[in-house]
Amino acid sequence: MSRISDTFSKLKEEGRKALIPYVTAGFPFAAITPSLMHGMVEAGADVIELGVPFSDPMADGPTIQRAGDKAIANGVGLKQVLGYVAEFRKKDSTTPVVLMGYANPVERYDQIHGEDAFVNQAAEAGVDGVLIVDYPPEECEEFAAKLRERNMDLIFLLAPTSTDERMQQVARVASGYVYYVSLKGVTGSAAVDTSAVEAMLPRIRQHVSIPVGVGFGIRDAQTAQAVGRVADAVIIGSRIIDLLDNQPHEKIVPLAIDFLRGVRKALDA
């Protein structure tokens, strides 16, 4: 059983929902990521999604694009991201970490470091799951199998436009959890329509037996609480990036902790 499955099983036993914050690795400062991850766990995060900086993030809105640009300017790529996870693991052996990004950095990493270098080195660093935005499920069975061999999950996105056929394809390959994108469009583009999420989740669960997390458009504790009533996990990204952007180094971790504590309290209420 992967760390992700284990975490969701424990939460289910406790009648609680998972809080999954997202932050771009290397943002807003190159070396702050492990400290920020620890702060998020202290504030009540159950899983951490770590964005791998990429120059052309097609699913991301201006907020996460800016964060990625800053991280790249800070000299952060996939090698550094794996280093942050390994550093985090020195003090935290239980909180699952998911890398979220695009095919290009992963495939380039293998070109430079050798076949399956990404899978092997991600496992060695302590990664638990991988979400590659532009990997379609029908082309991922071999990649998913390689990850599973190393106790890592391959996570996929579903959207309001996903057909039953696409949900079935995802269900065949995905493990850990499925990430339901609650909006049409890019990250940070609008506020989530909780009634639409409520209507969609039973349809997804007809095909998908693993937990369903909901993200895109969740910007405050109240919305997180509403989404948490129907989803297994609440995923928050752009709001955290906005909060931390242009802040001095010493304020980064306290700001993230303060915000996430409020969300955790609302989810548990």
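For the chain, an unreviewed UniProt entry supplies the name Tryptophan synthase alpha chain and the organism Comamonas testosteroni. The chain has a UniProt comment under Catalytic activity (unreviewed entry) that states "(1S,2R)-1-C-(indol-3-yl)glycerol 3-phosphate + L-serine = D-glyceraldehyde 3-phosphate + L-tryptophan + H2O". UniProt annotates the chain under Sequence similarities (unreviewed entry) with the comment "Belongs to the TrpA family."

Caption draft 1: Fine view of the UniProt feature "active site" (unreviewed entry) in the chain. Taking the UniProt record as the reference, the feature "active site" (unreviewed entry) is found at Glu 49 and Asp 60. Turning to its location among the elements, Glu 49 is positioned in strand 2 (residues 48-51). If we skip the residues at most four places from it in the chain, Glu 49 touches Ile 20, Pro 21, Tyr 22, Val 23, Val 98, Met 100, Tyr 177, Tyr 179 and Ile 235. Take Asp 60: it is sitting in the loop between strand 2 and helix 3 (62-73).

Caption draft 2: Layout of the pattern of salt bridges. What the rule picks out here adds up to 19 salt bridges. The partner of Arg 261 in a salt bridge is Glu 42, with the nearest N and O atoms 3.2 Å apart. With Arg 261 in helix 12 (residues 249-268) and Glu 42 in helix 2 (residues 33-42), this residue pair connects regions lying 219 residues apart in the sequence. The class for Arg 261 is partly exposed, based on a relative accessible area of 43%. For Glu 42, a relative accessible area of 52% translates into the label exposed. Measuring nitrogen to oxygen at the nearest pair gives 2.7 Å for the salt bridge that ties Arg 89 to Asp 128. Of this pair, Arg 89 sits in helix 4 (residues 78-89) while Asp 128 sits in the loop between helix 6 (117-125) and strand 4 (129-132); the two residues are 39 residues apart in sequence, bridging distant segments of the chain. Both residues of the pair, Arg 89 and Asp 128, count as buried.

Caption draft 3: Up close: the sheet that holds strand 4. With parallel pairing, the 9 strands of this open sheet are ordered in space as 5-4-3-2-1-9-8-7-6. If you trace the sheet from one side to the other, it starts and ends with strand 5 (153-154) and strand 6 (157-158), each paired once. In terms of strand pairing, strand 1 (residues 18-24) meets strand 9 (residues 233-236) through 4 bridges, oriented parallel. Looking at strand 9, one finds that Pro 21 is bridged to Ile 236. Seen against the sheet, helix 12 touches strand 1 and strand 9 and runs at an angle of roughly 155 degrees to strand 1.

Cut-offs used in this document
- Residues numbered from 1 in each chain as written.
- Predicted model: local features only at pLDDT ≥ 70, side-chain atom pairs only at ≥ 80, totals over all residues.
- Heavy atoms only, no water.
- UniProt positions renumbered as here; feature names shortened; annotations may be inferred.
- Helix = DSSP H or I, 4+ residues; strand = E, 2+ residues; numbered from the N terminus.
- Contact = heavy atoms within 4.5 Å.
- Salt bridge = Lys/Arg side-chain N within 4 Å of Asp/Glu carboxyl O.
- Buried < 20%, exposed > 50% of the residue type's maximum accessible area, 1.4 Å probe, protein only.
- Pairing = 2+ DSSP bridges.
- Axes fitted to C-alpha atoms, helices over the stretch in contact; angles between N-to-C directions.

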